Amino acid sequence: MASIDIANIQKSYGPHPVLHDVDLKIRDGEFVVLVGPSGCGKSTLLRMIAGLESVTAGEIRIAGRRVNELAPKDRDIAMVFQSYALYPHMSVARNMSYSLRLRKTPKERIATVVAGAAAKLGLDPLLERRPRALSGGQRQRVAMGRAIVRQPKAFLFDEPLSNLDARLREQMRAEIKKLHKDLGATSIYVTHDQIEAMTLADRIVAMNAGVVQQVGSPLDLYDRPANLFVAGFIGSPGMNFFEGTYHAGDRPLFETAGNIGIPLDSSAPLANNARATLGIRPEHIVLAGHGPETLLATVDLVEPTGFGIILHLSLGRSGFKAFTNDRSFLTVSGTIPVHFPAHSLHFFDGEGNRV
Amino acid sequence: MRAKSAFLTVAHRLAILAYIAFALFPLFWLLKVAVTPNDLLYSEGIRLWPSRASLEHFDFVLRHSAFPVFFRNSLIVSGSTAVVVTILASLSGYALSRFRFRGKYWLVTLMLLTQMFPLVMLVAPIFKILSPLGLTNSLTGLVIVYSAFNVPFATFLMQSFFDGIPKDLEEAAMIDGATQFVAFRQIILPLTLPGIAATLGFVFTAAWSELLFSLMLISGNEQATFPVGLLSFVSKFSVDFGQMMAAGVLALIPACLFFLLIQRYLVQGLTAGAVKG
């Protein structure tokens, strides 16, 4: 187990920069998730840590040792690939023991370790099979087994669950979390799925366009997103945004671009008449109330999900979503009262940063 | 619906049968002439099988002609060429598939360019080059020339096989502790066996049936390969078809054996199960 320090890492392909000044300290035993949309550079960063991509500038340290120029085999890390990358001409047991055989580990020790890993992952009856005779979930397990027999300094996961169906993904997600609890290994996990990020991570690193947007605990990112990108990326259904102008005063008001005034319970940390974006999560909108702070929203669409109901509403020209568990809303139509509680509001300035 | 699908199946089989018959008919004719005794060759007209078959031509070819020498020479030349070309093409195909290096584009263009010249144009210059080196009238010379001609195409062939193997596999091996070369040898190469078999087979048959250079660079029976040897059955006044065909049938044997040997690798999709799906 080891800590991983990433200092001012940059990566360019020719003249095209794909990672800008990434700075990250990963503690020993921590589970860090790199999350972001496709092409945000998260996989590139992971591959740089693994040694599969060169480092354009900056420094990567594993357990205090600079590894920039080190070949992947000398970094003592294990990686689980999105495609699993199992060796098709080797049995499950030989797939799992390949790294140990390369290191000339004694046969008895290999047998013990492989048996231990197989028991942990429920692979005992499959050890003599070839990968092609396995289901997707089983292949995924073999890939994990191949990583854990090594007891490496760190585990790297490159979207390991994205080829599985939804049910299996949920199950494997829990297994990965359990495995991390058991092994306590430093882990870096790349995904574009914010649910995976939220459920697995000790800390999430949200990335966009090669830039780290926010680093923090899952609830940090959910409760206090640093900017519009993180606010929109974390949470499902996503946060609602209203662009507009803030009017300070005795009765502070946020005027949307569509000239709808949203009354605020308390004043916001914004200058009078400042252009800003107001954000609120669908699950925080209160669908009731009367009085001056209540607005009337038009119901456009009702989406039952079983777990709850997503209401597509609009205020003037601005559409937004609300989420509720109250089944009486299944049959609403026309207009309903909505209220945006002050403690659930997020304000972002003209640059999109949280204020 | 059922009748229709049965009809389609029958039509499908018939079409395949027709194709096989069309493709194999020349081979059948070769065999037929080879077993037809000389006295029946011209007297029986066109028949699918002679009224009396004999192996006398085979007997003559094996015992009284220089055919065994031609056969041995061809085996040496084709086998060596196939091995040399496949080794070179595996390495260069891997490099083209996996590495980015300066001049790669020009290298590929140059290799393509070599495939554009008719071989006849090159006979004289190659003779001029090989002659002072003492490589004319030598099997080594033939192996060198055949290798040179086959390496570019075989390289492209091998490259496409390497392209078909996911890069993840060798990356996984390198993370598991292998160097790039060990990953190539232990992970990639075993998965490329079908490609290697195809390349071996392709180069072997190309060298086995090559006539032009063999004819130009080799004089005399001692170093002649079998296609040149076949011509020795053509004399000034007659063509000994029976013996020629018998020799032809015998020449088919190693090619058939060779493909029998490698067909296991040709049909096997070894990469199945490597990655998702």
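Model, not experiment: these values are computed from the prediction.

## Description of the domain arrangement of chain A
All names here are of chain A.
Part 1 of the reasoning: Split by domain assignment, chain A resolves into domain 1 (4–229) and domain 2 (240–348).
Part 2 of the reasoning: Spacing between the C-alpha centres of domain 1 and domain 2 amounts to 40 Å.
Part 3 of the reasoning: Facing 6 residues of domain 1, the contacting portion of domain 2 comprises 7 residues.
Part 4 of the reasoning: Summed over both sides, the interface of domain 1 with domain 2 buries roughly 540 Å², with 61% coming from carbon and sulfur.
Part 5 of the reasoning: Contact with domain 2 buries surface across domain 1, with Tyr222, Pro225 and Leu228 losing the most and accounting together for 85% of the total.
Part 6 of the reasoning: Where domain 1 touches domain 2, the interface holds 0 salt bridges.
Part 7 of the reasoning: Put simply, domain 1 and domain 2 have 2 residue pairs in polar contact (both at pLDDT 80 or more) between them.
Part 8 of the reasoning: The element best represented in the side of domain 1 that touches domain 2 is helix α7 (residues 218–223), accounting for 3 residues.
Part 9 of the reasoning: Class assignment for the residues of the side of domain 1 that touches domain 2 results in 4 nonpolar, 1 polar and 1 charged.

## Thoughts on the domain arrangement of chain B
Residues and elements named next belong to chain B.
Part 1 of the reasoning: One can read the domain layout of chain B as domain 1 (1–54) and domain 2 (64–267).
Part 2 of the reasoning: The C-alpha-based centres of domain 1 and domain 2 are spaced at 31 Å.
Part 3 of the reasoning: Roughly 610 Å² is buried in total at the junction of domain 1 and domain 2, and carbon and sulfur atoms are behind 78% of that figure.
Part 4 of the reasoning: Put simply, domain 1 and domain 2 have 0 salt bridges between them.
Part 5 of the reasoning: Counting across the interface, domain 1 meets domain 2 through 0 residue pairs in polar contact (both at pLDDT 80 or more).
Part 6 of the reasoning: Elements represented by at least two residues in the side of domain 1 that touches domain 2 include exactly α1 (2–35) and α2 (38–41).
Part 7 of the reasoning: Residue contributions to the side of domain 1 that touches domain 2 peak at 5 residues, all from α1.
Part 8 of the reasoning: Taken together, the residues of the side of domain 1 that touches domain 2 sort by class into 7 nonpolar, 1 polar and no charged.

## A closer look at the packing of aromatic side chains
Residues and elements named next belong to chain B.
Part 1 of the reasoning: Taken as a whole and assessed by the stated rule, the structure comprises 30 aromatic pairs over all chains.
Part 2 of the reasoning: Relative to Phe162, the ring of Tyr94 has its centre 5.5 Å away and its plane inclined at 80°; by these criteria the two rings are edge-to-face. Highlighted residues: Tyr94 in helix α4 (residues 67–98) and Phe162 in helix α7 (residues 139–163), separated in sequence by 68 residues. Both residues of the pair, Tyr94 and Phe162, count as buried.

## Considering the UniProt feature "transmembrane region" (unreviewed entry) in chain B
All names here are of chain B.
Part 1 of the reasoning: Following the UniProt record, one finds the feature "transmembrane region" (unreviewed entry) at residues 12–31, 75–96, 105–127, 139–158, 187–208 and 241–262.
Part 2 of the reasoning: Helix makes up 100% of residues 75–96 and strand 0%, with an end-to-end C-alpha separation of 31 Å.
Part 3 of the reasoning: Along residues 187–208, the helical share is 95% and the strand share 0%, with 32 Å between the first and last C-alpha atoms.

## Thoughts on the environment of Gln138(A)
Residues and elements named next belong to chain A.
Part 1 of the reasoning: By secondary structure assignment, the location of Gln138 is in helix α4 (residues 136–148).
Part 2 of the reasoning: For the pair Gln138 and Leu126, spaced 12 residues apart in sequence, the C-alpha separation works out to 8.7 Å.
Part 3 of the reasoning: Once you skip the residues sitting within four places of it in the chain, Gln138 turns out to touch Leu123, Leu126 and Ala133.

## Some words on the side chain of Glu171(B)
Part 1 of the reasoning: Mapped onto the secondary structure, Glu171(B) falls in helix α8 (residues 167–176).
Part 2 of the reasoning: Setting aside anything within four residues of it in sequence, one finds Glu171(B) in contact with Arg47(A), Leu52(A) and Phe81(A).

## Focus on the sheet that holds strand β6 (residues 77–80) of chain A
Residues and elements named next belong to chain A.
Part 1 of the reasoning: Taking strand neighbours across the sheet as the criterion, the 6 strands line up as β6-β7-β8-β3-β9-β10 in an open arrangement whose pairing is mixed. Among the strands making up the open sheet, the edge pair consists of β6 and β10 (211–216). Each neighbouring strand pair of the sheet contributes to a mean axis angle of 15°, computed without reference to strand direction.

## Describing the pairing of strand β12 (residues 253–256) of chain A
Residue and element names in this part refer to chain A.
Part 1 of the reasoning: Of the two faces of β12, the one holding Phe254 and Thr256 is buried and the one holding Leu253 and Glu255 is not buried anywhere.
Part 2 of the reasoning: Of the strand pairs in this sheet, strand β11 (residues 240–247) and β12 are connected by 4 bridges, and their pairing is antiparallel. Its bridge partner being in β12, Gly244 is matched across the sheet by Thr256.
Part 3 of the reasoning: Between the end of β11 and the start of β12, which pair antiparallel, lie 5 residues, with Gly249 showing a positive phi angle near 135°.

What counts and how
Residues numbered from 1 in each chain as written. Chains lettered and ligands numbered in written order. Predicted model: local features only at pLDDT ≥ 70, side-chain atom pairs only at ≥ 80, totals over all residues. Heavy atoms only, no water. Domains from an automatic or database assignment. Contact = heavy atoms within 4.5 Å. Buried area = accessible area lost by both parts, 1.4 Å probe. Salt bridge = Lys/Arg side-chain N within 4 Å of Asp/Glu carboxyl O. Polar contact = N/O pair within 3.5 Å; in protein donor to acceptor, adjacent residues only side chain to side chain. Helix = DSSP H or I, 4+ residues; strand = E, 2+ residues; numbered from the N terminus. Nonpolar A, V, L, I, M, F, W, Y, C, P; charged D, E, K, R; others polar. Phe/Tyr/Trp six-rings, centres within 6.5 Å; stacked < 30°, edge-to-face > 60°. Buried < 20%, exposed > 50% of the residue type's maximum accessible area, 1.4 Å probe, protein only. UniProt positions renumbered as here; feature names shortened; annotations may be inferred. Pairing = 2+ DSSP bridges. Axes fitted to C-alpha atoms, helices over the stretch in contact; angles between N-to-C directions.

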